[in-house]
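# Coordinate analysis (summary)
Next come the chains, spelled out residue by residue.
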Amino acid sequence: QVQLAESGGGLVQAGDSLRLSCAASGRMFSTSVMGWFRQAPEKEREFVAAISWSFTSTYYADSVKGRFIISRDNGKNTVYLQMNSLKPEDTAVYYCAARPTSGYRDPVKYQYWGQGTQVTVSS
């Protein structure tokens, strides 16, 4: 069992940066692929970034590549999403997710989810 809690969201201006954190409980964290997703009003939840358990692989949506960085600290059971050069279109609720049954992009495959944290970017 894994429990996830996101933090770090807020209201910022375009061009600003934010760092989201996702604290996980449970022994399986260190061996779990971790992902970040986002959902804007009236839109489907979409993949943002993912990181392998061994740190060797990171994956990004094209819309955030070069601006966002995913990282993890297995000693602290925490995964981070550093978001730079934020744009109004990044406005969404951001969710942390763990342990996909396969792959990393499909939210349906993830077994555990946090409650989400709101990120609002004003123009």
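Here, the structure is the one placed above.
Reference entry: report on the structure contained in this document. (Residues numbered from 1 in each chain as written. Predicted model: local features only at pLDDT ≥ 70, side-chain atom pairs only at ≥ 80, totals over all residues. Heavy atoms only, no water.)

## Structural notes on the environment of Lys65
For Lys65, the position within the fold is in the loop between strand S6 (58–60) and strand S7 (68–73). A sequence separation of 17 residues divides Lys65 from Val48, and the C-alpha atoms of the two residues are 9.0 Å apart. Here Asp62 takes part through its side chain, which lies 3.2 Å from a polar atom of the side chain of Lys65. (Helix = DSSP H or I, 4+ residues; strand = E, 2+ residues; numbered from the N terminus. Polar contact = N/O pair within 3.5 Å; in protein donor to acceptor, adjacent residues only side chain to side chain.)

## Quick notes on the environment of Leu86
Position of Leu86 relative to the elements: it lies in the loop between strand S8 (78–83) and strand S9 (92–100). Separated by 69 residues in the primary sequence, Leu86 and Ser17 place their C-alpha atoms 6.2 Å from one another. Those residues in contact with Leu86, other than ones at most four positions away along the chain, are Val12, Ala14, Gly15, Asp16, Ser17, Leu18, Arg67, Phe68 and Val121. (Contact = heavy atoms within 4.5 Å.)

## Let's talk about unusual backbone geometry
Positive phi, close to 50 degrees, is recorded for Asn77, a residue that is not glycine. Phi is positive for Arg99, close to 55 degrees, though the residue is something other than glycine. When you line up the elements, Arg99 lands in strand S9.

## Focus: the state of the cysteines
In total, this model carries 1 disulfide according to the counting rule given. Between the sulfur of Cys22 and that of Cys96 lies a disulfide, 2.1 Å long from S to S. Negative torsions about the S-S bond denote left-handed disulfides, and the value of about -80 degrees found for Cys22 with Cys96 makes this one left-handed. In this pair, Cys22 sits in strand S3 (residues 18–25) while Cys96 sits in strand S9, placing the two residues 74 residues apart along the sequence. Taking relative accessible area as the criterion, Cys22 reaches 0% and is therefore assigned buried. (Disulfide = S-S within 2.5 Å. Buried < 20%, exposed > 50% of the residue type's maximum accessible area, 1.4 Å probe, protein only.)

## So, the sheet that holds S8
What links the strands of a sheet is backbone hydrogen bonding, and the strands pair in either a parallel or an antiparallel sense. Taken together, the 4 strands give an open sheet; going across it, the order is S1-S3-S8-S7, and neighbouring strands pair in antiparallel fashion. Across the chains shown, the open sheet's two edge strands, defined by having one partner strand only, are strand S1 (3–7) and S7. Shown here is a sheet whose adjacent strand axes are inclined to one another by a mean of 15 degrees, direction ignored. Pairing between S1 and S3: 5 bridges, direction antiparallel. Following the sheet pairing, Glu6 is matched in S3 by Cys22. (Pairing = 2+ DSSP bridges. Axes fitted to C-alpha atoms, helices over the stretch in contact; angles between N-to-C directions.)

## A look at the side chain of Ser52
Counting through the fold element by element, Ser52 comes out in the loop between strand S5 (46–51) and S6. When sequence neighbours within four positions are dropped, the list of residues in contact with Ser52 reads Val33, Ser57 and Arg72.

## What to know about the packing of aromatic side chains
Across all of its chains, the model carries 7 aromatic pairs by this definition. With centroids separated by 5.8 Å and ring planes inclined at 70 degrees, the aromatic side chains of Phe37 and Phe47 adopt a geometry described as edge-to-face. One end of the pair, Phe37, is in strand S4 (residues 34–39); the other, Phe47, is in strand S5, with 10 residues separating them in the sequence. A single burial state applies to Phe37 and to Phe47, both of which are buried. Between Tyr59 and Tyr104, the ring centres sit 3.8 Å apart and the planes meet at 20 degrees, which makes this aromatic pair stacked. Residue Tyr59 is located in strand S6, and its partner Tyr104 is located in the loop between S9 and strand S10 (110–113); the two are separated by 45 residues in the primary sequence. Judged by its relative accessible area of 23%, Tyr104 is partly exposed. In textbook terms, an aromatic cluster arises when at least three aromatic residues are bridged by ring pairs, as seen for Phe37, Phe47, Tyr59, Tyr95, Tyr104, Tyr110 and Trp113. (Phe/Tyr/Trp six-rings, centres within 6.5 Å; stacked < 30°, edge-to-face > 60°.)

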